[in-house]
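A look at the structure
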Amino acid sequence: MKERYDVVVIGAGPGGLAAAISAKKEGAESVLIIDRDKEPGGILNQCIHNGFGVEIFKEDLPGPAYAERFINEAESVGVEFLLDSMVLDITPSKKVYVTSKWFGFKEIEATSIILAMGARERTRAQIRIPGFRPVGVYTAGTAQRFVNIEGFMPGKRFVILGSGDIGMIMARRLTLEGAKVERVLEIMPHLTGLTRNYVQCLQDFNIPLQLSHTVNRILGKNRVEAIESVQVDEHFNPIKGTEEIIPADTLLLSVGLIPENELSKKVGVKIDPLIQGPFVDEEMQTSVPGIFAAGNVVHIFDLVDWVTDAGITAGKGAARYVKVVKEKGDFVKLVPGNNIHHIVPQYIKRDALINGPVKLMMRVVKPIEEKVWVEVSDGQNLITRKLERYVRPAEMVTLTIPQKAYDDVRKTKELIVSVERFGG
Ligand SMILES: Cc1cc2nc3c(=O)[nH]c(=O)nc-3n(C[C@H](O)[C@H](O)[C@H](O)COP(=O)(O)OP(=O)(O)OC[C@H]3O[C@@H](n4cnc5c(N)ncnc54)[C@H](O)[C@@H]3O)c2cc1C
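This one's a predicted model, so the numbers in the text were calculated from it and none came from an experiment.

Some words on the site of the ligand
Around the ligand, 34 residues are found, and the nearest of them are G15, D35, I43, N296 and V304. I43 has a polar backbone atom sitting 2.9 Å from an oxygen atom of the ligand. Backbone polar atom of V87 to a nitrogen atom of the ligand: 3.0 Å apart, as the coordinates give it. Bound to the protein, the ligand loses 94% of the 1000 Å² it would expose on its own.

A look at the nonpolar core
With 60 residues, the main nonpolar core has V7, I34, V96, I108, I114 and L115 as its most contacted residues. A total of 9 residues in this core trace back to one element, the largest contributor, which is helix 8 (residues 304-328). Excluding anything up to four places from it in sequence, V96 contacts V8, I34, V87, D89, I90, K106, E107, I108 and I113. If you look at the next biggest cluster of nonpolar residues, it comprises 25 residues, including I348, L353, I401 and L415.

With respect to the side chain of N197
Along the polypeptide, N197 turns up in helix 6 (residues 195-202). When its relative accessible area of 5% is taken as the criterion, N197 is described as buried. Setting aside residues up to four positions removed in sequence, N197 forms contacts with D165, M168, I169 and L202.

Quick look at a nonpolar patch on the surface
On the surface, a cluster of nonpolar side chains totalling about 280 Å² of accessible area is made up of M86, L88 and F105. Note on placement: F105 falls in strand 8 (residues 104-115). Residue F105 is classed as exposed on the basis of its relative accessible area of 52%.

What counts and what doesn't
Residues numbered from 1 in each chain as written. Predicted model: local features only at pLDDT ≥ 70, side-chain atom pairs only at ≥ 80, totals over all residues. Heavy atoms only, no water. Near = heavy atom within 4 Å. Polar contact = N/O pair within 3.5 Å; in protein donor to acceptor, adjacent residues only side chain to side chain. Areas by Shrake-Rupley, 256 points an atom, 1.4 Å probe, with all protein chains shown as cover. Core = buried A, V, L, I, M, F, W, Y, C linked by side-chain atoms within 4.5 Å. Buried < 20%, exposed > 50% of the residue type's maximum accessible area, 1.4 Å probe, protein only. Helix = DSSP H or I, 4+ residues; strand = E, 2+ residues; numbered from the N terminus. Contact = heavy atoms within 4.5 Å. Patch = residues over 30% accessible without salt bridge, like charges linked within 9 Å, V, L, I, M, F, W, Y side chains within 5 Å. Salt bridge = Lys/Arg side-chain N within 4 Å of Asp/Glu carboxyl O.

Encoded structure:
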């Protein structure tokens, strides 16, 4: 593994795989995908049902088979994988901090980063179901992992809350494994998953769906013993007298996914509060230049083929970004601001501060016979400043950018040097 890559992709699900392949094909020389799982493929690895690839391959594939095609392609175009490794943090200057039991802690540098961390399920805490906290309450995706990957049945008699695709797919899966799925409850007056899943997973297996119903209470102290359901009105308020006790030992929650954006928020990517994913442009570039996003991290896709499509766009964008950076040379421009005539050097390498502080030499336009600040900023944020007792055009002014400004300098295109009033 190298220490520096053109493109680093975080997440080896379908979004990340498609982005990495497309970045490589579009000219990025070195592309690395990092995933915390031992195997690439993301959520597809636990989706052993078919229904994947109908748009792109015109075939009805199981999740792992769909993933395998992209894993093979990624390997054949020369994408590198770093698995069983968790990305802890990234910076606007495109440093990626990774940890793994294999190597401890590592810093990897990238020219461009693609965020492809997928989404996580909403839990009981997020929907506030009253009652005890007994064993036997799982998210549908966790149960799916238990059954399809770990080979373990989490219960025998189930109620599922939420008519999302994962819940309906699990209703069928559990039935096929010999469990009884008593009911799927949906608080909305309509189905929230795909109609095809309703037909193939609930109707075909005679599993009842109750719309405008929710869980009122969980009964059972140590283990779930029953679920109390209730009908809701158009404002989602429980309707008194409609409560029903459904004996069950397990409650599965399929109540939505939330884009996984902790890393995105930490690096300063602007998040759309409506969908909890980053604001992106037509290339899937986020508000931080050179950081792109692909897949469920942006918004929740229903079909994996759309995830792949968006991943291809993000990969192209990242490759284009890398090309521009390489063509322009990786320099930051020094721009004369208020009362500065010229600055030498006019450019510094983006990485210049890695070797130590950088000294700037300049002349002012007009004299000021009182205390002033000579300041360096990125246009918005002050990076460093120095107090001068006066400035005169005949006398060269020097100012040193300290090494600790490394991150600030790396993320900007230009540095503005200006003379400002002392009181300001
Ligand atoms: C249960 C279920 C059933 C589905 N059924 C269908 C279907 O039948 N047909 C269909 O077309 N679509 C289906 N979909 C939708 C489709 O599978 C998803 O939209 C798609 O897999 C999302 O891809 P992704 O790459 O965005 O995320 P994911 O597949 O979730 O991949 C994200 C990856 O990022 C990794 N990651 C996250 N954070 C970090 C970190 N900090 N460091 C390192 N790695 C990290 C994760 O380990 C994961 O591998 C289904 C989805 C689910 C959940």
